[in-house]
Amino acid sequence: MRSLFRTARAAAIACLALTAIAPVPAVVAQAAARAATAKSEPLTIVTKAGPKRFDVEVMRDDAARARGLMFRRHMAADHGMLFDFEQDQPVTMWMKNTYLPLDMVFIRPDGTISRIAADTEPLSTAIIPSGGPVVAVLELNAGTAAKLGIAPGDRIEHGMFKAR
């Protein structure tokens, strides 16, 4: 009986030890916490079919731009993420640690869309180029651009573009 108790106790201690050394990665927990508390701003895309409204999180510094939508598993259909690169330049994006397939909308300083990279591949390290100088990139759920008729030449309305 005593050896059975020792075996059960050893198994319980082993389970606790495994739990203690295998916590949720801090990066994932931090990203989830930021996602839950991120402040959204309104953004409108003016298309030939009319305006399309979204709530977007704006990434304005290097750390936020590097993090982006990494580790997130869901984004509402009317939400997106806007990356402010602060100056007109060619940019590249990738999908490393990004689980959501996305449409990437590359935006010139005047707010016009220059290019759309549709249905990007989740978790890929393939480079996605802007195809020319841009000041911002808007990430939307994959298929949104096609579904809503968003196309190069359409205009983005957001405070970021009024100030430039």
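Residues numbered from 1 in each chain as written. Predicted model: local features only at pLDDT ≥ 70, side-chain atom pairs only at ≥ 80, totals over all residues. Heavy atoms only, no water.

J.: Where do I start with the overall build of the protein chain in this structure?
T.: Secondary structure assignment for the protein chain yields five helices and seven strands. When the helices and strands of the protein chain are read in sequence order from the N terminus, they spell out α-α-β-β-α-β-β-β-β-α-β-α. A total of 164 residues make up the protein chain; the buried ones form 38% of that total. Within the protein chain, contacts between residues at least 6 apart in sequence are counted, and of these 70% link residues at least 24 apart. (Helix = DSSP H or I, 4+ residues; strand = E, 2+ residues; numbered from the N terminus. Buried < 20%, exposed > 50% of the residue type's maximum accessible area, 1.4 Å probe, protein only. Contact = heavy atoms within 4.5 Å.)

J.: Would you mind showing me how to read the sheet that holds strand β5 (residues 113–117) here?
T.: Two pairing modes exist for strands in a sheet, parallel and antiparallel, and in both the strands are linked by backbone hydrogen bonds. The seven strands lie next to each other as β5-β4-β6-β3-β2-β1-β7, forming an open sheet whose pairing is mixed. Every interior strand has two partners, whereas the edge strands, β5 and β7 (155–157), have only one. Strand-to-strand twist across the sheet, computed as the mean angle between neighbouring axes with direction ignored, equals 35 degrees. (Pairing = 2+ DSSP bridges. Axes fitted to C-alpha atoms, helices over the stretch in contact; angles between N-to-C directions.)

J.: For this particular structure, what's the right way to read the confidence of the model for the protein chain?
T.: A low pLDDT means the predicted coordinates there should not be read in detail. Overall, the prediction assigns the protein chain a mean pLDDT of 84, with 76% of residues at 70 or greater. Low pLDDT, under 50, characterises residues 1–24; the stretch is placed with one contact to residues that sit more than four places away or in other chains. (pLDDT = per-residue confidence, 0-100.)

J.: Help me out: how do you make sense of the pattern of salt bridges in this one?
T.: If charged atoms from side chains of opposite charge come close, those side chains can pair. Under the criterion given, the structure shown has five salt bridges. Among the salt bridges present, the one from glutamate 41 reaches arginine 60, with a minimum N-O distance of 3.0 Å. Of this pair, glutamate 41 sits in strand β1 (residues 41–47) while arginine 60 sits in the loop between β2 (50–59) and α3 (62–67), and the two are 19 residues apart along the sequence. In this structure, glutamate 57 engages arginine 72 in a salt bridge whose closest nitrogen and oxygen atoms are separated by 2.7 Å. On the criterion of sequence distance, the pair formed by glutamate 57 in strand β2 and arginine 72 in the loop between α3 and β3 (79–93) is long-range, its members being 15 residues apart. A relative accessible area of 13% places arginine 72 in the buried class. One network of salt bridges, with partners in common, ties together Asp62, Arg65 and Glu86. (Salt bridge = Lys/Arg side-chain N within 4 Å of Asp/Glu carboxyl O.)

J.: Can you walk me through the side chain of aspartate 103 in this structure?
T.: With respect to the element layout, aspartate 103 can be found in strand β4 (residues 102–107). Here glycine 143 takes part through its backbone nitrogen, which lies 3.1 Å from a polar atom of the side chain of aspartate 103. Reaching out from aspartate 103, the side chain makes a polar contact with the backbone nitrogen of threonine 144 at a distance of 3.1 Å. Beyond its immediate sequence surroundings of up to four residues, aspartate 103 is in contact with Ala117, Ala118, Asp119, Leu138, Glu139, Leu140, Asn141, Ala142, Gly143, Thr144, Ala145 and Ala146. (Polar contact = N/O pair within 3.5 Å; in protein donor to acceptor, adjacent residues only side chain to side chain.)

J.: Mind showing me how you'd approach unusual backbone geometry here?
T.: The phi torsion at phenylalanine 71 lies on the positive side, around 70 degrees, for a residue other than glycine. We note that leucine 123 has phi near 65 degrees; this positive angle belongs to a residue other than glycine. Its location among the elements puts leucine 123 in the loop between β5 and β6 (128–141).

J.: Before we go on, may I ask you to explain the pairing of β5 in this structure?
T.: Put simply, side chains in a regular strand alternate between the two faces of the sheet. With four bridges connecting them, β4 and β5 associate as antiparallel partners. Counted as the bridge partner of methionine 104 is alanine 117 from β5. Where β4 folds back on β5, the antiparallel hairpin that results is connected by five residues, among which glycine 111 adopts a positive phi of roughly 95 degrees.

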